[in-house]
Amino acid sequence: MIANLEGRPTGEAFVEFASPEDSRAAMAKDRMTLGYRYIELFPSSHEELEESASRGRLLPKSYEGKELTEPTSVLRMRGLPFSAGKDDIIDFFKNFTLSEDSIHITYNYEGRPTGEAFVEFASMDDAKAALAKDRMTLGSRYIELFPSSVDEMNEAVSRGR
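Now for a quick tour of the structure. (Residues numbered from 1 in each chain as written. Predicted model: local features only at pLDDT ≥ 70, side-chain atom pairs only at ≥ 80, totals over all residues. Heavy atoms only, no water.)

**Considerations on the overall build of the protein chain**
Applicable threshold: Put simply, DSSP marks the helices as runs of H or I at least four residues long and the strands as runs of E at least two long, and each gets a number from the N terminus on. For every residue, the accessible area (1.4 Å probe, protein chains only) is compared with the maximum for its type, and the residue is labelled buried under 20%, exposed over 50%, or partly exposed between those bounds. Note on contacts: a residue pair qualifies if any of its non-hydrogen atoms lie within 4.5 Å across the two residues. Accessible surface area values rest on a Shrake-Rupley calculation with a 1.4 Å probe, where residue burial reflects the displayed protein chains alone.
Within the protein chain, the regular secondary structure consists of 5 helices and 8 strands. Put simply, the protein chain runs from its N terminus to its C terminus through helices and strands in the order α-β-β-α-β-α-β-β-α-β-β-β-α. Counting over 161 residues, the protein chain shows a buried share of 30%. Contacts in the protein chain between residues at least 24 apart in sequence constitute 61% of all its contacts with a sequence separation of at least 6. Per element, the accessible surface of the protein chain, about 10700 Å² overall, is 51% carbon and sulfur.

Here you go:
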């Protein structure tokens, strides 16, 4: 499932089939309804799926139809300088009380920073107030902030090393 810049579902999704035959058979459902929603199907490639994934536009597998607008005390940061540390993130959110344990920088399978981090705030109200810093800069990079969840944070942190 594809997410918009706020991390909410766009109504678009990629589906991987076991075989090209299954994929072609699924195209028979083009312009039909799913529940009471009209759907259109388009052939896609694995490269297009990977491109969306690399831009962070895929909802986490743990999403399973959950409403991401539920209030949460976790925010996802995107666009961090690769050199950013927990102290830089604490300074970015200097008007909030954070500990190093509340900051989770994500790493790829090689152990390199991904440019993303998750921050657990003391309350849902603090997380909501911290969203005001969306698109402000840390160093020379502007930082995007998204409401997140503990499940999404744990999934992202567990993907790295």
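Having seen the structure, we can now continue with the description.
**Describing the side chain of Thr-106**
Test applied: Two N or O atoms count as a polar contact when they lie within 3.5 Å, although within protein this holds only if one can serve as hydrogen donor and the other as acceptor, and sequence-adjacent residues are included solely when both atoms are side-chain atoms.
In this structure, Thr-106 sits in strand β4 (residues 103-107). A distance of 2.4 Å separates the side chain of Thr-106 from the side chain of Thr-114, its partner in a polar contact. If near-sequence neighbours (up to four positions away) are discounted, Thr-106 is found in contact with Arg-112, Pro-113, Thr-114, Glu-116, Ala-117, Phe-118, Ala-156 and Val-157.

**Some points on the pairing of strand β3 (residues 74-78)**
The two faces of a sheet get side chains in turn, since along a regular strand they alternate between them. We count it as follows: One requirement defines pairing of two strands: DSSP has to find at least two bridges between them.
Across the 5 residues of β3, 5 count as buried, placing the element largely inside the fold. The two faces of β3 match: Val-74, Arg-76 and Arg-78 on one face and Leu-75 and Met-77 on the other face are all buried. Of the strand pairs in this sheet, β3 and strand β5 (residues 113-120) are connected by 5 bridges, and their pairing is antiparallel. Across the sheet, Val-74 pairs through a bridge with Glu-120, a residue of β5.

**Here's the deal with empty space enclosed by the protein**
Our working definition: Think of a 1 Å grid over the protein atoms and nothing else: a 1.4 Å probe that fits but is trapped marks a cavity, an open set flanked by protein within 12 Å on at least five of seven lines marks a pocket, and residues with an atom within 4 Å of a point count as lining. Grid points are joined across faces, edges and corners, and a volume is the space filled by probe spheres set on the points. Residue polarity is assigned by list, with Asp, Glu, Lys and Arg as charged and Ala, Val, Leu, Ile, Met, Phe, Trp, Tyr, Cys and Pro as nonpolar; anything else, Gly included, falls into the polar class.
Considering all chains together, one arrives at 1 cavity of 30 Å³ or more under this definition. Quantified by volume, the largest cavity comes out at close to 40 Å³. Surrounding the largest cavity, Leu-80, Pro-81, Phe-82, Ala-84, Ile-89, Ile-105, Pro-113, Gly-115 and Glu-116 form its lining. With 3 residues, β5 is the single largest residue contributor to the lining of the largest cavity. Taken together, the residues of the lining of the largest cavity break down into 7 nonpolar, 1 polar and 1 charged.

**A look at the nonpolar core**
Quick note on the threshold: Among the buried residues, those of types Ala, Val, Leu, Ile, Met, Phe, Trp, Tyr and Cys that are joined through side-chain atoms within 4.5 Å form a nonpolar core.
Core analysis: the biggest nonpolar cluster contains 19 residues, and Met-77, Leu-80, Ile-89, Phe-93, Val-119 and Phe-121 have the highest contact counts within it. Contributions of two or more residues to this core are made by β3, α3 (86-92), β4, β5 and α4 (124-130).

**Let's talk about a negative patch on the surface**
Note the following rule: A patch is a set of surface residues, each over 30% in relative accessible area and not in a salt bridge, joined within 9 Å for like charges and within 5 Å for the nonpolar side chains Val, Leu, Ile, Met, Phe, Trp and Tyr. The rule for a salt bridge is simple: a side-chain nitrogen of Lys or Arg has to be within 4 Å of a carboxyl oxygen of Asp or Glu. Positive charge is attributed to Lys and Arg, negative charge to Asp and Glu, and no charge count is given to His or to the chain ends. Charge placement uses NZ in Lys and CZ in Arg. For Asp and Glu, CG and CD serve respectively.
Taken together, the side chains of Asp-87, Asp-88, Asp-91, Glu-100 and Asp-101 define an acidic patch exposed on the protein surface. On the basis of relative accessibility, which here comes to 47%, the residue Asp-91 falls in the partly exposed class.

**A short note on unusual backbone geometry**
For Arg-31, which is not glycine, the phi torsion reads 65° and is therefore positive. Locating Arg-31 in the fold gives a position in the loop between α1 (20-26) and β1 (33-34). The backbone phi angle of Arg-135 is positive, close to 70°, even though this residue is not glycine. Mapped onto the fold, Arg-135 is located in the loop between α4 and β6 (137-138). Residue classification places Arg-135 among the partly exposed positions, given a relative accessible area of 42%.

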